[in-house]
Amino acid sequence: MRREGFRYWPGPVAGIAERKAGGYVVDDAEWARRYGYGRSFDIAAEKARRSHPNVTYAKALPEKERIRYSRALDGDFDDTLTVELPSGGSVRTPRTGCYAEARGQLYGDYPSWFRARKTVTSLTPLYVPRILRDERLVTAVKAWSHCMEDSGKPFESPDEIRRQRAGLIKGMSESQARKAESALAVTEAECARKTSLGKIARALEKEYRERALRDYSKEFTTYQRMRMSALERAGNL
């Protein structure tokens, strides 16, 4: 970006705790006690989207320079790579731009990396519906729901909590919302541990994902090989 005449600041990278947010079910009570459903991460991410130096810097540029900045960073959308996804549809990305150049340096071959990554990481629509219908998960969710009801938090599934989450804290102050979400998340986690829902969900995810990957073994091998090579390059930096 400096070569193109602009400034650029690296964005924040999610830590271990943040990466635990957003799973099917919370089953770490200590994490839930501290982070609830990751509300603090959501707030920090929204703040970064509004006030990160890259955002404020780009907004302050004259219109023509702002367009040039965007093209320098993101590339030219008239020259793109396109990947057909296993679940249907396609996704595309510019071949040019500083993002593409940096990823090419890190992974060795950006087009190959993009194709392999998008193929391997877009398989969830193929197998998640099967997991949700699997009798092992259905039985565990019922047991979890009974535990939640016994604890005074009647929810049929973790998905129901996610759907109702915003409404459950509507009208609360920030401190009240954090406290309420933390209490509910702790109960969810304790019931998930008692019923092994988290353990079962992870085991089924691994089982069904491996089945789906059999049809894309070449892409998966490429994806893993390029990740390991990138890790070594990053270490050398």
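Residues numbered from 1 in each chain as written. Predicted model: local features only at pLDDT ≥ 70, side-chain atom pairs only at ≥ 80, totals over all residues. Heavy atoms only, no water.

## Considerations on the packing of aromatic side chains
Basically, it comes down to this: Centre distance within 6.5 Å is the pairing criterion for rings of Phe, Tyr and Trp, where only the six-membered ring of Trp is used; planes under 30 degrees apart are then read as stacked, over 60 as edge-to-face, and the remainder as tilted. In our convention, an over-ring charge means Lys NZ or Arg CZ found within 6 Å of a ring centre and within 35 degrees of that ring's normal.
Under the definition given, this model contains nine aromatic pairs. Among the aromatic side chains, those forming a connected cluster through ring pairs are Phe6, Trp9, Tyr57 and Tyr69. One cation-aromatic arrangement involves Arg211 over Tyr208; the distance from NZ or CZ to the ring centre is 4.7 Å.

## What about the layout of surface pockets?
Note the following rule: Using protein atoms alone on a 1 Å grid, points that fit a 1.4 Å probe yet trap it form a cavity, whereas open point sets bounded by protein on both sides within 12 Å along at least five of seven lines form a pocket; residues with an atom within 4 Å of a point count as lining. Grid points are joined across faces, edges and corners, and a volume is the space filled by probe spheres set on the points. For this scheme, ten residues count as nonpolar: Ala, Val, Leu, Ile, Met, Phe, Trp, Tyr, Cys and Pro. Four count as charged, namely Asp, Glu, Lys and Arg, and the remainder, Gly too, count as polar. Helix and strand assignments follow DSSP, with helices taken as H or I runs no shorter than four residues and strands as E runs no shorter than two, numbered in order from the N terminus.
Its volume calculated, the largest pocket comes out at about 640 Å³. Lining the largest pocket are 16 residues, with Met1, Tyr8, Cys98, Tyr99 and Ala102 sitting closest to its centre. Taken together, the residues of the lining of the largest pocket sort by class into 10 nonpolar, one polar and five charged. Counted as a void, the second largest pocket has a volume near 490 Å³. Together, 23 residues line the second largest pocket, and Gly23, Tyr24, Val25, Arg202 and Glu205 are the ones closest to its centre. Listed by contribution, the elements that provide at least two residues to the lining of the second largest pocket are helix 8 (124-133), helix 10 (158-168) and helix 12 (197-213).

## Points about the packing of helix 3 (residues 39-51) against helix 4 (residues 53-60)
Formally: Simply put, an axis is a line fit to the C-alpha atoms, just over the touching stretch for a helix, and the angle between two N-to-C directions goes from 0 to 180 degrees. Throughout, the term roughly parallel applies to angles under 35 degrees, roughly antiparallel to angles over 145, roughly perpendicular to angles from 65 to 115, and oblique to all others. We call two residues contacting when some pair of their heavy atoms lies within 4.5 Å.
Two elements in contact, helix 3 and helix 4, have axes separated by 5 Å at closest approach and are oriented at 25°. Judged by the angle between their axes, helix 3 and helix 4 are roughly parallel. Between helix 3, through Ala48, Arg49, Arg50 and Ser51, and helix 4, the contact on the second element is made entirely by Pro53, Val55, Thr56 and Lys59. Among the residues forming the contact of helix 3 with helix 4, the class breakdown is three nonpolar, two polar and three charged.

## Points about the packing of helix 3 against helix 11 (residues 174-195)
One can describe the packing of helix 3 onto helix 11 by two numbers: an axis separation of 10 Å at closest approach and a directional angle of 135°. The angle between helix 3 and helix 11 places the two elements in the oblique class. Touching Arg39, Ser40 and Ile43 of helix 3 are Glu174, Ala177, Arg178 and Glu181, all from helix 11. Taken together, the residues of the contact of helix 3 with helix 11 break down into two nonpolar, one polar and four charged.

## A closer look at helix 9 (residues 135-150)
Note the threshold: A helix is expected to span 1.5 Å multiplied by its residue count minus one. Each residue is placed in one exposure class: buried if its accessible area under a 1.4 Å probe, protein chains only, is under 20% of its type's maximum, exposed if it is over 50%, and partly exposed if it falls in between. Each C-beta atom gives one direction from the helix axis, and the arc is the one those directions make.
Its 16 residues give helix 9 an end-to-end C-alpha distance of 23 Å, which sits within 8% of 22 Å, the value for a rise of 1.5 Å per residue. Those residues of helix 9 that fall on the buried side of the exposure criterion are Leu137, Ala140, Val141, Trp144, Ser145, Cys147 and Met148. All buried residues of helix 9 lie within an arc of 160° about the axis, which places them on one face of the element. Exposed residues on helix 9 whose side chains face more than 90 degrees from its buried face are Glu135, Lys142, His146, Glu149 and Asp150.

## Concerning the pairing of strand 2 (residues 90-94)
For the record, the criterion: Strand pairing follows a simple DSSP-based rule, namely that at least 2 bridges must link the two strands.
Strand direction decides the pairing type here: strand 1 (residues 80-84) and strand 2, joined by five bridges, are antiparallel. When the sheet's bridge partners are listed, Val83 is paired in strand 2 with Val91. Taking the residues between adjacent antiparallel strands as the criterion, strand 1 and strand 2 are bridged by five residues, where Gly88 takes a positive phi near 110°.

## Concerning the nonpolar core
Generally speaking, nonpolar side chains in soluble globular proteins are found buried as a group. How we decide: Think of a nonpolar core as a cluster: buried Ala, Val, Leu, Ile, Met, Phe, Trp, Tyr and Cys residues, connected wherever their side-chain atoms sit within 4.5 Å.
Membership of the largest hydrophobic core comes to 42 residues, with the highest contact counts inside it found for Leu137, Trp144, Met148, Ile161 and Leu197. The residues contacting Ile161, other than those within four sequence positions of it, are Tyr37, Trp144, Met148, Phe155, Leu184 and Glu188. Phe6, Tyr57, Ala58 and Tyr69 belong to the second largest nonpolar core, which has nine residues in total.

## Regarding the pattern of salt bridges
The condition is simple: Here, a salt bridge means any side-chain nitrogen of Lys or Arg that lies within 4 Å of a carboxyl oxygen of Asp or Glu.
Evaluation of the coordinates by the stated rule reveals 17 salt bridges. Between Asp134 and Arg136 there is a salt bridge whose closest N-O contact spans 2.8 Å. You can call Asp134 buried: its relative accessible area is 9%. Among the salt bridges present, the one from Arg162 reaches Glu188, with a minimum N-O distance of 2.8 Å. Here the residue Arg162 occupies a position in helix 10, and Glu188 occupies one in helix 11, the gap between them amounting to 26 residues. According to the relative accessible area criterion, Arg162 is partly exposed, its value standing at 29%. Residue classification places Glu188 among the buried positions, given a relative accessible area of 0%. One salt-bridge network, held together by shared partners, links Asp134, Arg136, Glu207 and Arg211.

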